[in-house]
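The primary structure of each chain is shown beneath.
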Amino acid sequence: SNSVKIHFTISEEHTDLVSQIINNSTNEFEERGIKLNVTYSYQKKSTNTISVTLDNKPFKENNGKFVFRPAGHGALIENINELDCDIVLIKNIDNILPSTKNDESIKYKKLMTGFLVSIQEQIFNYLRMIESKEVNNKVISEITKFASEFLSISLPGEFDKQTTDEKATYLFSKLNRPLRICGMVRNEGHPGGGPFFVRDSNGAISIQIVEESQIDKNNSEHLEIFKASTHFNPVDMVCAIRDYKGKKYNLKNYVDESSGLITTKSYEGKSLKALELPGLWNGAMAHWNTVFVEMPADTFNPVKEINDLLKPAHQVKAD
């Protein structure tokens, strides 16, 4: 319908400038018959976390007030949770190309979205079958294979000994949750994270996006695994946030609260420790169903510093 919904999460102090830039772009698109429906949100101040000194005492300003800091991008799970939609496409703002060079990116956005919908339809079909009790051992075997091999869902050791009803209940609980397709590119040495198999404290294995900051550099085995990784996370995701009955999931129920990070920052020239909430595509989505897909390198053109804008991918010829 030539109508595009875009949501920006921005810093509150930049609202006027960002709105001005977006409004100018909106007018340009409307001249081409495309309507942009743009919404904004801010990282909630209620998600800020208290800072501490290097010896773990509350960090205070000179006037005695405690210092609270934004808790990282993991806090944005709250913003996504409030979006009224079925599917959300998430992309870092620094990985945006000029509109004249977006053909490859648009193509793969469509492929990822179609792939997500096809998987979602299959999951919904299985959930309805289980709910209606229309399952036998053969159907349970089919669902189990799909869950374990395609979605990499870890099955408990005693699963094979369970009754059909017990297996159905377990599979229902694992399939009935948010779904995301995460695009990954070949690792070409960019700083950041990638896709890994992760074992939790209970021994269950799942696929997760792991950041470099989550790796224990003093553990030579872990460090070697990380350095040998073949793929990199460009933060290019398509997410389905409604269940098989059309009801929105409460995304806060699927966060691994134990996966927050402690980072060292500075405030007015003094060092402090800051607590970051589980990262948006890390712990904040740890209990989602996830599928990783490989994307062409052309879809990833990050701007980490101003000189990156000089790269050919970001250049536009003047008329």
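Thresholds applied
Starting from 1, residues in each chain are numbered consecutively following that chain's sequence as written. Per-residue local features are limited, in this predicted model, to residues with pLDDT of at least 70; the limit for side-chain atom pairs, both in listing and counting, is 80 or more; totals at the level of whole chains, interfaces and linings are taken over all residues. Here the side-chain values reflect all heavy atoms present in the structure, with hydrogen atoms and water set aside. Working definition: helices are DSSP H or I runs of at least four residues, strands are E runs of at least two. Numbering for both runs from the N terminus. Between buried and exposed lies partly exposed: a residue is buried under 20% and exposed over 50% of the maximum accessible area for its type, with that area taken using a 1.4 Å probe on protein chains only. Every residue pair with non-hydrogen atoms within 4.5 Å of one another is taken to be in contact. Note on definitions: salt bridges are taken to be side-chain nitrogens of Lys or Arg within 4 Å of carboxyl oxygens of Asp or Glu. Here, axes are lines fitted to C-alpha atoms. For helices the fit covers the stretch in contact, and angles between N-to-C directions go from 0 to 180 degrees. Crossing chirality is assigned from the near helix's rotation relative to the far helix, an anticlockwise turn below a right angle marking it left-handed and a clockwise turn marking it right-handed. Throughout, the ten residues Ala, Val, Leu, Ile, Met, Phe, Trp, Tyr, Cys and Pro are labelled nonpolar, Asp, Glu, Lys and Arg are labelled charged, and all others, Gly among them, are labelled polar.

A. Layout of the side chain of Ser259. Considering the arrangement of structural elements, one finds Ser259 in the loop between strand 10 (236–240) and strand 11 (261–267). Judged by relative accessible area, Ser259 falls into the buried class, the value being 15%. Aside from chain neighbours lying at most four places away, what touches Ser259 is Pro278 and Gly283.

B. Looking closely at the pattern of salt bridges. For the coordinates displayed, the defined rule picks out 12 salt bridges. In this structure, Glu78 engages Lys252 in a salt bridge whose closest nitrogen and oxygen atoms are separated by 4.0 Å. Note that Glu78 is positioned in helix 2 (residues 77–81) and Lys252 in the loop between strand 10 and strand 11, a separation of 174 residues in sequence. By relative accessible area, Lys252 is classed as partly exposed at 39%. Taking the shortest distance from any N to any O, the salt bridge between Glu131 and Lys245 comes out at 3.0 Å. Of the two residues, Glu131 sits in helix 3 (residues 103–131) while Lys245 sits in the loop between strand 10 and strand 11, which places them 114 residues apart along the sequence. By relative accessible area, which is 59% here, Lys245 ends up exposed. Taken together, the shared-partner salt bridges connect Lys44, Glu78, Glu82 and Lys252 into one network.

C. Spatial organisation of the packing of helix 3 against helix 5 (residues 164–175). In contact at an axis separation of 10 Å, helix 3 and helix 5 are set at 145° when each is read in the N-to-C sense. Crossing of helix 3 against helix 5: the hand is left-handed. Residue-level contacts link Ile123, Tyr126, Leu127, Ile130 and Glu131 of helix 3 to Ala168, Leu171, Phe172 and Leu175 of helix 5. Class assignment for the residues of the contact of helix 3 with helix 5 results in eight nonpolar, no polar and one charged.

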